[in-house]
Amino acid sequence: MSLTVIAQRMGNTSFQRLVTGLVLSTLLVGCSSTKSSNVRVVDRNSAAAQRPAVTTGQYVVRPGDTLFSIAFRYGWDYKALAARNNIPTPYTIHPGQTIRFDGRTGSTPTAVVSNGSSAPSSSSKTTVIRRQANGTTTTTVTGSGAAAAGAAPSVANKSAPAPMPPPGPAPTGWGWPSNGILIGKFSSNGSLNKGIDIAGDLGQPVLAASDGTVVYAGSGLRGYGELVIIKHSETYVSAYGHNRRLLVREGQQVKVGQTIAEMGSTGTDRVKLHFEIRRQGKPVDPLQFLPKR
């Protein structure tokens, strides 16, 4: 039967509705036939989607920073970063101090570093470091803390990269940092997940995965929310992100299975724990260390 005959029998309005319905059905079928495997879903709230290790430039220490948090943020082993900047144990740093990643002496003057109200009054000072054309460095210190100027290491004579320390044995007795469904796995691709994600309930206990010392507890690392970093050995650290509340402080000794925080959603879009293990500053798959379950 021709479309003309159908149109005469149905009337113009009904015929137009029929044609419109057929067109929409065809479009919907075409859309549903698209292969879902070609669609890549990217979790832009993932704390682990970070840059690779930074090997150029420098960083000026801010209040609340620790050497461990800076090393963690920029993909460094904390001992290698300390060696590169001549920072002795216990790795104390100060606001306004310059941390270099490249080890170069530099050919341009550093910016003026001014420690204002955010720094302790005992160390309040303004330091200007100027590098001359002949390679020498002059330093001018003003303010009430001028006598303490030597506390900030000079960045002038850093030419050779610091050697990486030899790898050490992994801690024994690893345990799961929380109960819950595994919703995100480690990826060796540096642009993807650098740990695992565990779903849970708001306020659920977050546990230390192994014995160690808390070297960072705060919210200064973008994308991790309320974060705890535990040093387990000279080689290994673990990190616990997106907590609602932190229950430990920096410098505190913890045991495997000890509650260190409450699960939350800070820095992300759902309640979960983001957990990482890093070996000499490099992320490794936590599932290689955690018990099978």
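If you're wondering where the values come from, they're calculated on a predicted model, not measured in any experiment.

### A few points about the overall build of the chain
Secondary structure assignment for the chain yields 4 helices and 15 strands. Among the 293 residues that make up the chain, the fraction classed as buried is 42%. In the chain, the proportion of contacts linking residues at least 24 apart, taken out of those at least 6 apart, comes to 59%. Only carbon and sulfur atoms are counted for the fraction: they give 54% of the accessible area of the chain, which is about 15,900 Å².

### Topic: the environment of T266
Structurally, T266 can be placed in the loop between β13 (259–263) and β14 (272–279). Taking the C-alpha atoms as reference points, T266 and H242, separated by 24 residues in sequence, lie 4.6 Å from one another. Within the structure, the side chain of T266 is placed 2.9 Å from the backbone oxygen of N243, a separation counted as a polar contact.

### Overview of empty space enclosed by the protein
By the definition in use, this model includes 1 cavity of 30 Å³ or more. Within this model, the largest cavity holds a volume of roughly 100 Å³. Every residue lining the largest cavity is listed: F68, A71, F72, W76, D77, Y78, I229, T235, V237, R278, Q280 and G281. If you tally residues by element for the lining of the largest cavity, the top one is helix α3 (residues 67–73), at 3 residues.

### Describing the environment of H274
In this fold, H274 is placed in strand β14. Linking H274 and Y224, residues 50 residues apart in sequence, is a C-alpha distance of 7.9 Å. Side chain to side chain, H274 and E276 meet in a polar contact 2.7 Å long.

### Examining the side chain of N243
Mapped onto the fold, N243 is located in strand β11 (residues 236–246). A distance of 2.8 Å separates a polar atom in the side chain of N243 from the backbone oxygen of E226.

### Quick look at the packing of aromatic side chains
A complete count under the given rule lists 10 aromatic pairs for this structure. Look at F68 and Y78: their rings are 4.6 Å apart centre to centre, the planes differ by 40°, and that puts the pair in the tilted class. With F68 in helix α3 and Y78 in helix α4 (residues 78–84), this pair connects stretches of sequence that are 10 residues apart. One exposure class covers both F68 and Y78, and it is buried. Three or more aromatic residues joined by ring pairs form one cluster here, namely Y59, Y74, W76 and F101. The residue whose ring lies beneath R278 is F72, and the NZ or CZ to ring-centre distance is 3.8 Å.

### Section: the pattern of salt bridges
If you walk through the whole model with that rule in mind, you get 7 salt bridges. In this structure, the salt-bridge partner of E276 is R278, at a minimum N-O distance of 2.9 Å. Across the pair, exposure class does not vary: E276 and R278 are buried alike.

About the criteria used
- Residues numbered from 1 in each chain as written.
- Predicted model: local features only at pLDDT ≥ 70, side-chain atom pairs only at ≥ 80, totals over all residues.
- Heavy atoms only, no water.
- Helix = DSSP H or I, 4+ residues; strand = E, 2+ residues; numbered from the N terminus.
- Buried < 20%, exposed > 50% of the residue type's maximum accessible area, 1.4 Å probe, protein only.
- Contact = heavy atoms within 4.5 Å.
- Areas by Shrake-Rupley, 256 points an atom, 1.4 Å probe, with all protein chains shown as cover.
- Polar contact = N/O pair within 3.5 Å; in protein donor to acceptor, adjacent residues only side chain to side chain.
- 1 Å grid on protein atoms, 1.4 Å probe; cavity = no way out; pocket = protein on both sides within 12 Å on 5 of 7 lines; lining within 4 Å.
- Points joined across faces, edges and corners; volume = space filled by probe spheres on them.
- Phe/Tyr/Trp six-rings, centres within 6.5 Å; stacked < 30°, edge-to-face > 60°.
- Lys NZ or Arg CZ within 6 Å of the ring centre and 35° of its normal.
- Salt bridge = Lys/Arg side-chain N within 4 Å of Asp/Glu carboxyl O.

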